[in-house]
Amino acid sequence: MKKWMYTLTASLVLSTLFGYGPTHASGTDSANVHNGKARSVGSLSFIGEKTIPFNQQFEGTTVGGLSGIHYDPKQGQWLIISDDRSDKNPARFYQAKLAYDHKQFQSVQLSGVTFLKQPNGSEYPNQKQFATQGGEIPDLEDIAVDSKDGTIWYTTEGSRSHGMNPSVKHATRDGKYLSSFPAYKLFTMSPKYEIGPRQNQTFEGLSFSPDGSSLWVAMENAVYQDGGLPTVNAGSLSRITQYDRNGNLKSQYAYPVDAIPAKPGPGKYADNGVTSILAVNDHQLLLTERAGVEGADGTFTFHVRVYEIDTAGASDISNLDLILGKNITPVKKRLVLDLSKSGLRHIDNIEGITWGPKLPNGHDSLVLVSDNNFASTQTTQFLAFEVLPKK
C-alpha cells in the first residue's frame, strides 16, 4: 500500500439512511458451500456505490485508510480495518451496517469502533511513541472473522526499517491480543540487505478457507529473491500462502502479477500489486490487483481488476526460497471484472473485498472498499456487486 498524494476530484456523499440490508446471510459456511449451495463466480453486476466524506469523525476517530473488510453473517455486521499507523488514532477497526439489494445500494452507516491491543494490553504506538516506549508500529491491511468463535484475525505489513516482520494476528472481538503466527523465514524483514519482503509489499490480503480450517495470505508483490516489481513491460511473481490455524504453512503458490497497465508521465510514478484475497472454495479464490499510474500533471489513475485464481495444478513452492528462474507452474487466473469497464465515473484505491449477504434473488453479493490514504484528494468508496454464477 503506497502513501500517495493525489489530486483527483470526487463527489463525497455520506448516506443518512439507516438499517441493515434487506436480506442477511445467517449461519456458517461448510466446505465449499454457502447456504447449501456451492459458490460460483461467473461475472459481477454493479449494484451501486456509497462514499464517506474526507476526515469524517466517528466516536473520536478520523475515518480513513480503510484497507480490509469482512462481513459476519452471524451478527449481520461488517468489520472494516484501517491502516492508520496510530498516527491519527490508535490502530483500529470499525463496525458498520450496509444496506443494499440487487437493485440499489442504500446506505453505509458506521456503528462502532474497536482499538486493537498489543500482547501487553496496550494500544499500538505511532512512530514517535515507539521511539520512547517500544512495541510494534502497526500497518494493518486486512481482517477476517472466525466463523468458529467470532474472534478476528488481521494482517500487519511490518516495517523493514525497524526490522518488524509482517504478521497474521488473532484477537478477541473487543481487540484483545490472543496470538500471532510464527515468522516464516522467507518473510523475515532485513533492514540492511535486499532479501525478504520489500517495504509496504507484504501481507496485503487475508481470507479464511470456506470450512474455517485454514487461512490464505496474499503478498502484495515479490520478495527480493523472487525478482523485481512490475513494470509497464513485465509483471512479477507474488506468493499466495495457506496456513493452518496454528500458523503452520500448508501450501504456497506463485501468483503472476500483471504488468503496470499504462505508462506514467515523464519522471512520474506507477506501480501494481495484489490488494486483497477471498476464498471461493478449497482451490479457487478471488483476488484484486490495483495499479496506480501518475500522469504528467501529478494526478493518479487507478486500474483495478478482480481475478478468479485456481491453485489446482499449480506448483506448491512452499519449499522454495527462490522461484526466479525455477521451472514452476503459477496459479491460473481468469479476469472477472475490470473496474475501468464498469461504468464508474471514479475508481479509487481499492484494497478490500468480502462476500456480503445473499441477495433477494438468491445470488451472492460482493463488496469492495477503497483506502483513501487520509488524503483529501481521494475517496473512501464502497462498491456493491451482484455475483452472477457461471453458466
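Quick caveat: nothing in here was measured; it's all calculated off a predicted structure.

### Looking at the side chain of Arg 173
Secondary-structure assignment places Arg 173 in the loop between strand S12 (167–171) and strand S13 (177–180). By relative accessible area, Arg 173 is classed as buried at 19%. A polar contact of 2.7 Å, which involves the side chain of Arg 173, links it to the side chain of Asp 72. In this structure the side chain of Arg 173 is engaged in a polar contact, spanning 2.8 Å, whose partner is the backbone oxygen of Gly 150. Those residues in contact with Arg 173 that lie beyond four places of it in its chain are Asp 72, Gln 75, Gln 77, Leu 79, Phe 93, Thr 114, Val 145, Gly 150 and Ile 152.

### Notes on the confidence of the model for the chain
Of all residues in the chain, 91% have pLDDT values of 70 or greater, and the mean over the chain is 91. Of the regions scoring below 50 in pLDDT, residues 1–36 engages in 124 contacts with residues more than four places distant in sequence or in other chains.

### Examining the sheet that holds S12
Pairing between the strands of a sheet comes from backbone hydrogen bonds, and it takes one of two forms, parallel or antiparallel. Spatially, the four strands line up as an open sheet ordered S10-S11-S12-S13, and their pairing is antiparallel. The sheet is open, and its two edges are formed by strand S10 (140–145) and S13, each paired on a single side. Here the average twist between neighbouring strands, direction ignored, is 25°.

### Let's talk about the sheet that holds strand S8 (residues 92–100)
Strand order across the open sheet formed by four strands is S6-S7-S8-S9, with antiparallel pairing between neighbours. Edge strands, defined here as strands with exactly one partner in the open sheet, are strand S6 (66–72) and strand S9 (105–115). The average undirected angle you get between the axes of adjacent strands in this sheet is 25°. Pairing analysis gives nine bridges linking S8 to S9, with the strands arranged antiparallel. The residue bridging Lys 97 from the neighbouring strand is Gln 109, located in S9.

### Quick word on the nonpolar core
Across soluble globular proteins, nonpolar side chains show a tendency to be buried alongside one another. Ranked by internal contacts, the top residues of the largest apolar core, which has 22 residues, are Trp 78, Leu 98, Tyr 100 and Phe 382. Elements supplying a minimum of two residues to this core: strand S3 (43–52), S6, strand S7 (77–82), S8, S9, strand S23 (365–370) and strand S24 (380–388). Of all hydrophobic cores here, the second largest spans 21 residues; its members include Leu 44, Leu 278, Ile 347 and Phe 385.

### With respect to the pattern of salt bridges
Throughout the structure, instances matching the rule amount to 16 salt bridges. Two residues, Asp 84 and Arg 92, come together in a salt bridge whose shortest N-O distance is 2.8 Å. Taken as a pair, Asp 84 and Arg 92 share a single burial class, namely buried. Across the pair Arg 290 and Glu 351 runs a salt bridge, and its minimum N-O distance is 3.1 Å. Of this pair, Arg 290 sits in strand S19 (residues 284–294) while Glu 351 sits in strand S22 (residues 350–355), and the two are 61 residues apart along the sequence. Pair check on accessibility: Arg 290 and Glu 351 agree, each one buried. Beyond isolated ion pairs, a larger network of salt bridges with shared partners links Asp 258, Glu 289, Arg 305 and Lys 333.

Each value, and the rule that gives it
Residues numbered from 1 in each chain as written. Predicted model: local features only at pLDDT ≥ 70, side-chain atom pairs only at ≥ 80, totals over all residues. Heavy atoms only, no water. Helix = DSSP H or I, 4+ residues; strand = E, 2+ residues; numbered from the N terminus. Buried < 20%, exposed > 50% of the residue type's maximum accessible area, 1.4 Å probe, protein only. Polar contact = N/O pair within 3.5 Å; in protein donor to acceptor, adjacent residues only side chain to side chain. Contact = heavy atoms within 4.5 Å. pLDDT = per-residue confidence, 0-100. Pairing = 2+ DSSP bridges. Axes fitted to C-alpha atoms, helices over the stretch in contact; angles between N-to-C directions. Core = buried A, V, L, I, M, F, W, Y, C linked by side-chain atoms within 4.5 Å. Salt bridge = Lys/Arg side-chain N within 4 Å of Asp/Glu carboxyl O.

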